[in-house]
Amino acid sequence: MTASSVWAQDVIKIGELNSYKTQPAFLGPYKKGMELAVEQINAAGGVNGKSLELIVRDDNSNPGDAVRAADELLARDKVDVLTGTFLSHIGLAVTDFAKHKKVFFLASEPLTDKIVWADGNRYTYRLRNSTYMQVAMLIPAAVKMNKKRWAIVYPNYEYGQSAVATFKTLLKQAQPDVEFVAEQAAPLGKIDAGSVVQALADAKPEAMFNVLFATDLSKFVRAGTQRNFFKDLPVVSMLTGEPEYLDALGAETPVGWVVTGYPWYAIDTPEHNTFLKAYQDRYNDYPRLGTIVGYNAILSLAAGIKKAGSTDTEALIQAFKELEVDTPFGRIVYRGIDHQSTMGAYVGTLDVKDGKGIMTNFHYVDGATVQPTDEQVKQWRPASAN
């Protein structure tokens, strides 16, 4: 046996693939979060006496490239587990790959409900809260606005479509007389913001649900502000309170929007304070939400591998059922019924301070409190997926 093969036996290889080139605002900080967790775990002795090694690939935001990258990670790099993906359609492609290859996959960031429900499988777990959960967190604020005529704008791919379907369903349940008077589905990364704003304004909505993010969001906010569209228009908005998107908006941040996000500068809990100090000491920068997702993904894999006692796929599948993981957001649990974690998010209101967007009046919503019923999950998720 060679020295290198002995060394390889002392390493747990984590294969990670993501859209680093196309989504750098989120995924640059995400990668740093993963690296910090790996460094901390290895410094503390690793997992089951082995050190963690992170091997990263770019999926080019293309499902075919993602599957090829995943295959390469398994065949050439001999990784023990797969994790990652950002865009929902990429996450679904790798979820399907994991099922066919019978390899454990922790979907870290993609939000689509299908990953744990309609297209769920026994090999795939998901860390980040789902589209359903994100929408459910915002519904109380939407109902409180008590507006009848709603406009909707979203990116026209799996995540946006899924968010809109859930928003309509849950808002109708809570407020049966609501009307959806305008919908604009923008191609991802290619929004014609002026036309979209004009089409929404023409419908004279009383409130709006926004699902746009990244550069599409910035262009939309700028166009809407220039046309005075947001004046006196109540808005609920997914993801907009995340620092990676507020950074780009700066002083143009739309004041008053109710959002999900991550107010890292104002969370005062022991677990978050410890994480924040470690991250700032290591990178001389502040974390974004991507940082938390990357960090929690590695913590989750380490906890699952430790509980399983190995990286054996079947052992990991069982170990992740009801797995508890302590994170900067507090303890999360991976539900056995649908392989979804209970990681939550912060809900609050946007404001501007010193030329930067911030969240105020925020509270943390535990993911366990915004789940559908077990009966509903069983209807949506194939029995074979467990």
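This report concerns the structure included in the present document. These numbers come from a predicted model, not from an experiment. (Residues numbered from 1 in each chain as written. Predicted model: local features only at pLDDT ≥ 70, side-chain atom pairs only at ≥ 80, totals over all residues. Heavy atoms only, no water.)

What follows is about empty space enclosed by the protein. Counting across every chain of the model gives 1 cavity of 30 Å³ or more. Of the voids in this model, the largest cavity is the one considered here, and its volume is about 90 Å³. As for the largest cavity, its lining consists of 13 residues, and the residues nearest its centre are Phe86, Glu109, Leu111, Tyr157 and Leu239. Looking at the lining of the largest cavity residue by residue, the class counts come to 9 nonpolar, 1 polar and 3 charged. (1 Å grid on protein atoms, 1.4 Å probe; cavity = no way out; pocket = protein on both sides within 12 Å on 5 of 7 lines; lining within 4 Å. Points joined across faces, edges and corners; volume = space filled by probe spheres on them. Nonpolar A, V, L, I, M, F, W, Y, C, P; charged D, E, K, R; others polar.)

Let's shift gears to helix α8 (residues 214-226). The end-to-end C-alpha separation of α8 is 19 Å, in line with the 18 Å expected for 13 residues at 1.5 Å each. Within α8, burial applies to Ala214, Asp216, Leu217, Ser218, Phe220, Val221, Ala223 and Gly224. Turning to α8, the residues buried within the fold contact β6 (149-155), α7 (193-202), β8 (207-210), β9 (235-241) and α9 (243-249). Remark: asparagine 228 follows α8 within two positions and exhibits a positive phi of approximately 60°. (Helix = DSSP H or I, 4+ residues; strand = E, 2+ residues; numbered from the N terminus. Expected span 1.5 Å × (residues − 1). Buried < 20%, exposed > 50% of the residue type's maximum accessible area, 1.4 Å probe, protein only. Contact = heavy atoms within 4.5 Å.)

On to the sheet that holds strand β5 (residues 124-126), then. Here 5 strands make up an open sheet; going across it, the order is β2-β1-β3-β4-β5 and the pairing parallel. Each edge of the open sheet carries a strand with a single partner, namely β2 (51-58) and β5. Averaged over all adjacent pairs, the angle separating strand axes in this sheet is 25°, with direction ignored. In this structure, strand β1 (residues 11-18) lies alongside β2, joined through 8 bridges in parallel fashion. Bridge assignment links glutamate 16 to a residue of β2, and that residue is valine 56. Helix-sheet contacts for helix α2 (residues 24-43) involve β1, β2 and β3 (81-84), and the interaxial angle to β2 is about 165°. (Pairing = 2+ DSSP bridges. Axes fitted to C-alpha atoms, helices over the stretch in contact; angles between N-to-C directions.)

Another point: the sheet that holds β6. Here we have 7 strands laid out as an open sheet, ordered β7-β6-β8-β9-β10-β13-β14, and mixed in their pairing. Two strands bound the open sheet, and with one partner strand each, they are β7 (179-186) and β14 (356-365). Strand-to-strand, the axes of this sheet are offset by a mean angle of 30°, without reference to chain direction. Sheet strands in contact with helix α5 (residues 131-145) are β6, β8, β9, β10 (258-261), β13 (345-353) and β14, and its direction is about 145° off that of β9.

Take the packing of α2 against helix α11 (residues 289-308) next. Running from amino to carboxyl end, α2 crosses α11 at an angle of 35°, the nearest separation of the two axes being 6 Å. The interaxial crossing formed by α2 with α11 has right-handed handedness. Here Phe26, Pro29, Tyr30, Gly33, Met34, Leu36, Ala37, Val38, Gln40 and Ile41 of α2 come into contact with α11, specifically with Leu289, Gly290, Thr291, Val293, Gly294, Tyr295, Ile298, Leu299 and Ala302. Among the residues forming the contact of α2 with α11, the class breakdown is 14 nonpolar, 5 polar and no charged. (Left-handed = near helix turned anticlockwise from the far one by under 90°.)

Locating asparagine 18 in the fold gives a position in strand β1. A distance of 2.7 Å separates a polar atom in the side chain of asparagine 18 from a polar atom in the side chain of glutamate 16. Apart from residues lying up to four places away in sequence, asparagine 18 is in contact with Leu27, Tyr30, Arg57, Asp58, Asp59, Asn60, Gly84, Thr85, Phe86 and Ser108. (Polar contact = N/O pair within 3.5 Å; in protein donor to acceptor, adjacent residues only side chain to side chain.)

Moving on to the packing of aromatic side chains. The description of two aromatic rings rests on the distance between their centres and on the angle between their planes. All told, the structure shown has 30 aromatic pairs when counted by the stated rule. On the basis of an interplanar angle of 55° and a centroid distance of 6.0 Å, the ring pair of tyrosine 157 and tyrosine 159 is categorised as tilted. Under the relative-accessibility criterion, tyrosine 157 is labelled buried at 10%. A relative accessible area of 2% means that tyrosine 159 is categorised as buried. Between the aromatic rings of phenylalanine 167 and phenylalanine 180, the centroid separation amounts to 6.4 Å while the plane-to-plane angle is 65°, which identifies the pairing as edge-to-face. Of this pair, phenylalanine 167 sits in helix α6 (residues 158-174) while phenylalanine 180 is found in strand β7, placing the two residues 13 residues apart along the sequence. Classification of phenylalanine 180 by relative accessible area gives partly exposed; the value is 23%. Put simply, the rings of Phe26, Tyr30, Phe86, Tyr157, Tyr159, Phe213 and Tyr245 touch in pairs and so form one group of aromatic residues. A cation over an aromatic ring shows up here: lysine 168 above the ring of phenylalanine 180, its NZ or CZ 5.8 Å from the ring centre. Sitting over the ring of tyrosine 286, arginine 288 keeps its end group 4.0 Å from the ring centre. (Phe/Tyr/Trp six-rings, centres within 6.5 Å; stacked < 30°, edge-to-face > 60°. Lys NZ or Arg CZ within 6 Å of the ring centre and 35° of its normal.)

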